[in-house]
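Single-letter residue listing:
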Amino acid sequence: MKKQFLLFFIVFASFFKAQNAIDFDLIKKEVTEKGGKYEYEKLLFKFVHLPSSLDSLEANRLYYGKIFYPANKDKVVVIGDLMRLSREKKYTEAIEEGERLIKEDPVSLEILGSLFLAYKNRNPENKNFDLLTEQFRILVNAVVGSRENTEKGELYTVTSVADEYIVGNILGHNLYVMRRSSDRVAKGYIDRFKLLKTKISFLVVYLKE
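Let me sum up the structure you'll find in this document.

The rules behind these values
- Residues numbered from 1 in each chain as written.
- Predicted model: local features only at pLDDT ≥ 70, side-chain atom pairs only at ≥ 80, totals over all residues.
- Heavy atoms only, no water.
- Helix = DSSP H or I, 4+ residues; strand = E, 2+ residues; numbered from the N terminus.
- Buried < 20%, exposed > 50% of the residue type's maximum accessible area, 1.4 Å probe, protein only.
- Contact = heavy atoms within 4.5 Å.
- Areas by Shrake-Rupley, 256 points an atom, 1.4 Å probe, with all protein chains shown as cover.
- Salt bridge = Lys/Arg side-chain N within 4 Å of Asp/Glu carboxyl O.
- Polar contact = N/O pair within 3.5 Å; in protein donor to acceptor, adjacent residues only side chain to side chain.
- Patch = residues over 30% accessible without salt bridge, like charges linked within 9 Å, V, L, I, M, F, W, Y side chains within 5 Å.
- Lys, Arg positive; Asp, Glu negative; His and termini not counted.
- Charge placed at Lys NZ, Arg CZ, Asp CG, Glu CD.
- Core = buried A, V, L, I, M, F, W, Y, C linked by side-chain atoms within 4.5 Å.
- Pairing = 2+ DSSP bridges.
- Axes fitted to C-alpha atoms, helices over the stretch in contact; angles between N-to-C directions.
- Arc of directions from axis to C-beta.

Quick look at the overall build of the protein chain now. Within the protein chain, the regular secondary structure consists of nine helices and five strands. Across the protein chain, helices and strands are ordered from the amino to the carboxyl terminus as α-α-α-α-α-α-α-α-β-β-α-β-β-β. The buried share of the protein chain, taken over its 209 residues, is 47%. Expressed as a percentage of contacts within the protein chain between residues at least 6 apart in sequence, the contacts between residues at least 24 apart total 60%. Looking at the protein chain as shown, the accessible area adds up to about 11,400 Å², and 52% of this sits on carbon and sulfur atoms.

Inspection of the entire model under this criterion finds 11 salt bridges. Between D81 and R84 there is a salt bridge, with the nearest N and O atoms lying 3.9 Å from each other. Within this pair, D81 and its partner R84 are both found in helix 5 (residues 80-87), separated by three residues, close to a single helical turn. The partly exposed category is assigned to D81, whose relative accessible area is 44%. A relative accessible area of 32% means that R84 is categorised as partly exposed. Note that R192 is salt-bridged to D183, the shortest N-O span being 2.3 Å. A cluster of three or more residues bridged by salt bridges with shared partners is formed by D81, R84, E88 and K90.

Locating K66 in the fold gives a position in the loop between helix 4 (56-65) and helix 5. Of the polar contacts made by the side chain of K66, one reaches the backbone oxygen of V107; its length is 2.5 Å. Discounting chain neighbours no more than four positions away, the residues touching K66 are Y40, R61, N72, D105, V107 and S108.

Side chains of K152, R179, K194 and K199 sit close together on the surface and give a patch of like positive charge. Tracing the sequence through the fold places K194 in strand 4 (residues 188-195).

Let us now look at the nonpolar core. Grouped together as the largest cluster of nonpolar side chains are 60 residues, with contacts concentrated most on L62 and L109. Among the elements that take part in this core, helix 8 (residues 127-144) stands out by supplying nine residues, more than any other. If we ignore the near neighbours within four places in the chain, the residues touching L62 are Y40, L43, L44, F47, L54, V107 and L139.

With that settled, consider the sheet that holds strand 1 (residues 148-150). Reading across from one edge, 1-2-5-4-3 is the order of the five strands in this open sheet, with mixed pairing throughout. For this open sheet the edge positions go to strand 1 and strand 3 (179-185), each flanked by a neighbour on one side alone. Each strand of the sheet is rotated relative to its neighbour by a mean of 25°, with strand direction disregarded. When strand 4 meets strand 5 (residues 198-205), the two strands line up antiparallel, connected through eight bridges. Pairing of R192 across the sheet is with S201, part of strand 5.

Here we take up helix 3 (residues 40-49). Three or more residues of helix 3 are buried, namely Y40, L43, L44 and F47. The buried side chains of helix 3 occupy one side of the element, clustering within an arc of 100° when seen end-on. Exposed residues lying more than 90 degrees from the buried face of helix 3 are F45 and H49.

Note that every value here comes from positions in space, so none of it alone points to a role or purpose.
Rendered as structure tokens:
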């Protein structure tokens, strides 16, 4: 699995650019503004149908603005079967399950990543493979663009624990073998990972309305 995710790093590395820290108050205002440039419905439509048309700011608002999208409130998408099928290398079944789930949760690194691997191993010529690759790249860039350099190492902002492990692997870090410590902060939790001299941290956001 690590080698497969390192493939993502090779594919997407040239697109990684650091941006400013995430301003969630501003993002909430912009994605909930009816008719505004960053209204979430508009971003979601572009992402699903023409992802290459999204610029870096739109991608940023898409990934982090998902927190404030009313349709996602209290929504739970169960992906256990997809993860199991991926682990068992039942790629045809994983594609079917993933395509069903992505309609429920289009902005999901977990689902997109699993579909990417399933298509890559079973049907890389499928037109959906290129679309998924572009969508995955856009979300990864949004996270990598949140990077902050702190005295305790690089800090990336994600919206779920699963995303920190996905992004960590893409950046070449196997977080599962690194020592983790966590601190509660105003916006959620900061998970700090360390292995010898290597350090990387993630702010996992849990915002309360």
